[in-house]
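Fold and contact review
Residue strings, one per chain:
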Amino acid sequence: MMSNPVHGLPFLPGTSFKDSTKTAFHRSQTLGYRNGYAVVRRPTVGIGGDRLQVSQLSQAELDELASKAPVLAYGQPKQAPRAEFIPAYVAFDKKVFLESQGIELNPPEKMALDPYTELRKQPLRKYVTPTDFDQLKQFLTFDKQVLRFYAIWDDTDSMFGECRTYIIHYYLMDDTVEIREVHERNDGRDPFPLLMSRQRMPKVLVENAKNFPRCVLEISDKEVLEWYTAKDFIVGKPLTILGRTFFIYDCDPFTRQYYKEKFGISDLPRIDVSKKEPPPVKQELPPYNGYGLVEDSAQNCFALIPKAPKKDVIKMLMNENKVLRYLAALESPIPEDKDRRFVFSYFLATDMISIFEPPVRNSGIIGGKYLGRTKVVKPGSSVENPIYYGPSDFFIGAVIEVFGHRFVILDTDDCVLKYMERNAARYSPEALLSIQNRVRKQEAPAPELDNQQTEEDPGVQELEALIDTIQKQGKDRLCRDNIRKMFQIYDKEASGHVDRETFFKICDSFHLPVDDSLVKELIRMCSHGEDKIDYYNFVRAFSN
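In what follows, the accompanying structure is described. (Residues numbered from 1 in each chain as written. Predicted model: local features only at pLDDT ≥ 70, side-chain atom pairs only at ≥ 80, totals over all residues. Heavy atoms only, no water.)

Looking now at the sheet that holds strand β4 (residues 163-171). Reading across the sheet, the six strands line up as β6-β5-β4-β3-β10-β9 and stay open at both edges, with antiparallel pairing between neighbours. Bordering the open sheet on either side are β6 (194-199) and β9 (238-241), each of which pairs with just one other strand. Direction aside, neighbouring strands of the sheet carry axes that sit 35° apart on average. Note that strand β3 (residues 146-154) and β4 share nine bridges and pair antiparallel. Within β4, the residue paired with W153 across the bridge is R164. (Pairing = 2+ DSSP bridges. Helix = DSSP H or I, 4+ residues; strand = E, 2+ residues; numbered from the N terminus. Axes fitted to C-alpha atoms, helices over the stretch in contact; angles between N-to-C directions.)

What follows is about helix α13 (residues 517-526). For α13, every residue scored as buried is listed here: V519, L522, I523, M525 and C526. Down the axis of α13, the buried side of the element spans an arc of 165°, and every buried residue falls inside it. (Buried < 20%, exposed > 50% of the residue type's maximum accessible area, 1.4 Å probe, protein only. Arc of directions from axis to C-beta.)

With that settled, consider the packing of aromatic side chains. Per the stated rule, a full pass over the model turns up 20 aromatic pairs. With centroids separated by 5.5 Å and ring planes inclined at 25°, the aromatic side chains of F149 and F233 adopt a geometry described as stacked. You can see F149 sitting in strand β3 and its partner F233 sitting in the loop between β8 (224-227) and β9, a full 84 residues away along the chain. For the pair shown, F149 and F233 are each scored as buried. Over the ring of Y171 we find R198; its NZ or CZ atom is 3.7 Å from the centre of that ring. (Phe/Tyr/Trp six-rings, centres within 6.5 Å; stacked < 30°, edge-to-face > 60°. Lys NZ or Arg CZ within 6 Å of the ring centre and 35° of its normal.)

Below is the structure:
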């Protein structure tokens, strides 16, 4: 065995170091011929061209030869014959540990594994004889025959999960499976047709193939022990595909017939998977705070940005400027309130009520608007279902409660009588009887007063006398209803008063003699305050 001349190690794999300058690694020739005889030649160079130093003396031997005196008693000493040359591969043959050379080695270690050697240790590939199953026959027999199943995937247990429906197709020609999504209108999802494209689905994998990268590589027969077949798809049983558990609840008629002929299963029921909607939660409204209408305030509970309640536009158009007026008295234990009178105006277009109190001189009570336009709720009705006063609730003798104040209807105008005649079916018998009694009293002759005089306000007597004088003079008599309707158009609150500017504009449109002395006095007596004029009494003076 050759040793490494530099490190003194055996010339073995892993213990030698390659010198890039050496190119010749052949062994020197030690046999030759001289004069026809075979002779042994001592090599002068080793493997790689390194010169051998076999005849070089050590320093100790040189010192010994320098100090040794020659002994020539018997002549010159004969030289000892040279030792027989033994090549290194012969001298070190079958010798592997290095203690004889004075080299100590570390304990033996395990050799690194060689990939090629390990590959050779694996058992040889086993070839399986193919079965006698004819795939071509299956393709030709079951071509275009597809089993259709209807399934759901219930993921409601997870956050933001939902229950979605799918259609599972099983192709009999090659035992492949396809899953299609069922999209509904306005479901908020992109219209992807397929959840899983057509492919064979593994049912049982081998133990080592559980971590197989199926998302990027196709599964072959080596990684699968069992594939899904038609007998695994049964109506009423769950099925796990790609980590999702589908519940099959129905199938088509062809699939039912196939299972009946192939597997003898004739009772495939259709399972109802529709979930019953929970009963709606009753929305409770907060207590009414008294501001505005109930419907208007409730809109703040229905939407973040409240909208105005819907109005009956047709009703508003048909009843535009139609107002029912009633004369009422206040029920009050206070003596000062017994002589107070109020005018109720019911607007048919919006079902709102306004109350006006005509001012009375020297009464100590400032008249005017008592209640603006609003809907009045009947006593006893709830906030969730408010019941408002309607036209059928107003008749002579009826009691109207307005926000804790009770009013008794004393009289009505002619417009109310006409409205009740046209809509008699809406009123109660009591309401119709009260109107009939009023009409009888108006038609009955006035009884003679036996030396009795009624006590009236002097201002009222003077006003009535002035109106009677103007009527007798016959100053531009016109239709009272036309003039009154014109004033009512500008009287939005139905108070019986208009401002002075509007008053004179209407008078000019009808060419009324406002410059006459008697008419000026009538305007002065019908004036209330600096800007309001009572047009009811003024119209009476010019009616026919």
